[in-house]
Amino acid sequence: MTTKTDELKPCPFCGGPGDRQSGGDGESRRYGCSCANWKCVGHASALFHKNQQDAVDEWNRRAALQEQPNDASPFLQEDDQHDLHRFIETTEDGQGYDVGKDRIKRLAELGVVSNQGFGRYSVTMFGYWCHERYWHQNPSLPLKTIDEYNAEATENARRRIGGEGNG
Ligand SMILES: [Zn+2]
C-alpha cells in the first residue's frame, strides 16, 4: 500500500522521478532521497536522516520550492512598483514626475532610478527590467545598456527592411 507521504515529488532539477536510498545497519542506518538519474545534479544524495519519512519530507519540500513560478517573487514591493510605473509614465510624456520627493529617493535607493542632479531622475536599465517584468513583457537577461539596446533595435530594424527588400 502506498500512502500519500510515501510519494516522492519529481526531481527539482530535472523533473525526473525521485529515488529512495538508505545505507548502514541498525543504529547507524541512514536514509536519503535523490534523483533516479545519475547524470542529474539532483543525484548527489546524502544519507542524512535517521528515518525514511524525514528524507521523503525534505525531498518533497525542496521539490515544492522549485515548483513556484518566478512571478511569485517580484523584485519590488507593490507600492514601489506603482511609483516606478507612474514615474515612467510621466517622464515618457516629457512631464516632470509627481510621485513625490521621498518616494523618488526611495526608488533611487532601490536602484530602479538614478539621480541626475538638480532634482532630475532617470530610470535605470534595472528599473526598466523590473517594470517590464511586472507587466509580463518577458524582458531578457542579462541587462543591456541603453546604447546596446538601441544598437540592437537599429540592427533588427535594418534586418527587417533588408529582409522585405530581398523577399
Ligand atoms: Zn534530476
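Refer to the structure above for everything that follows.
Residues numbered from 1 in each chain as written. Predicted model: local features only at pLDDT ≥ 70, side-chain atom pairs only at ≥ 80, totals over all residues. Heavy atoms only, no water.

What about the overall build of the chain?
Consideration 1: A tally of helices and strands in the chain yields five helices and four strands.
Consideration 2: Along the chain direction, N to C, the helices and strands of the chain fall in the order β-β-α-α-α-β-β-α-α.
Consideration 3: Residues counted as buried form 23% of the 167 residues belonging to the chain.
Consideration 4: As displayed, the chain has an accessible area near 11900 Å², and 49% of this comes from carbon and sulfur atoms. (Helix = DSSP H or I, 4+ residues; strand = E, 2+ residues; numbered from the N terminus. Buried < 20%, exposed > 50% of the residue type's maximum accessible area, 1.4 Å probe, protein only. Areas by Shrake-Rupley, 256 points an atom, 1.4 Å probe, with all protein chains shown as cover.)

Some details on the coordination of the zinc ion
Around a metal, the idealised angle for a tetrahedral arrangement of four donor atoms is 109.5 degrees; for an octahedral arrangement of six donor atoms it is 90 or 180 degrees.
Consideration 1: Only C11 (SG), C14 (SG), C35 (SG) and C40 (SG) from the protein reach the zinc ion as donors, at distances of 2.3 Å.
Consideration 2: Each of the four donor atoms around the zinc ion contributes to a set of angles spanning 102 to 116 degrees, which defines the coordination as tetrahedral.
Consideration 3: Site description for the zinc ion: donor spacing in sequence, C-x2-C-x20-C-x4-C.
Consideration 4: By relative accessible area, C14 is classed as partly exposed at 43%. (Donors = N, O, S within 2.8 Å, 3.2 Å for Na, K, Ca; no water. Tetrahedral: all angles 85-135°; square planar, octahedral: opposite > 155°, others 65-115°.)

Looking at the packing of helix α2 (residues 78–92) against helix α3 (residues 101–110)
Consideration 1: Between α2 and α3, whose axes approach to 10 Å, the crossing angle comes to 105 degrees. Relative to α3, α2 is oriented roughly perpendicular. Between α2 and α3, the residues in contact are D79, D80, D83, L84 and F87 and R103, I104, R106, L107 and L110, respectively.
Consideration 2: The class makeup of the residues in the contact of α2 with α3 is five nonpolar, no polar and five charged. (Axes fitted to C-alpha atoms, helices over the stretch in contact; angles between N-to-C directions. Parallel < 35°, antiparallel > 145°, perpendicular 65-115°, else oblique. Contact = heavy atoms within 4.5 Å. Nonpolar A, V, L, I, M, F, W, Y, C, P; charged D, E, K, R; others polar.)

Regarding the pairing of strand β2 (residues 30–35)
Consideration 1: Most of β2 is tucked away, with five of its six residues classed as buried.
Consideration 2: Both strand β1 (residues 18–23) and β2 contribute to a ladder of six bridges, which runs antiparallel. Bridge pairing links G23 to R30 in β2.
Consideration 3: Two successive antiparallel strands, β1 and β2, enclose a turn made up of six residues, where G24 displays a positive phi of approximately 90 degrees. (Pairing = 2+ DSSP bridges.)

Observations concerning helix α4 (residues 125–134)
Consideration 1: All of the buried residues along α4 are G127, W129, C130, H131 and R133.
Consideration 2: On its buried side, α4 packs onto α2 and β4 (120–123).

Section: the nonpolar core
Consideration 1: If you look at the biggest cluster of nonpolar residues, it comprises 13 residues, and the most contacted ones within it are L84, F87, I104, L107, V112, V113 and C130.
Consideration 2: Elements represented by at least two residues in this core include exactly α2, α3, β4 and α4.
Consideration 3: The residues contacting C130, other than those within four sequence positions of it, are F75, L76, Q81, L84 and V112.
Consideration 4: One finds C33, A55, V56 and W59 within the second-largest nonpolar core, a separate group that totals eight residues. (Core = buried A, V, L, I, M, F, W, Y, C linked by side-chain atoms within 4.5 Å.)

Focus on the packing of aromatic side chains
Consideration 1: The final tally for this structure, using the stated rule, is four aromatic pairs.
Consideration 2: Pairing F75 with F126 gives two aromatic rings, centres 5.9 Å apart and planes at 50 degrees, and the pair type is tilted. Note that F75 is positioned in the loop between α1 (52–67) and α2 and F126 in helix α4, a separation of 51 residues in sequence.
Consideration 3: Residue F126 is classed as partly exposed on the basis of its relative accessible area of 25%.
Consideration 4: Ring centres of Y97 and Y121 lie 5.9 Å apart, and the angle between their planes is 85 degrees; this geometry places the pair in the edge-to-face category. (Phe/Tyr/Trp six-rings, centres within 6.5 Å; stacked < 30°, edge-to-face > 60°.)

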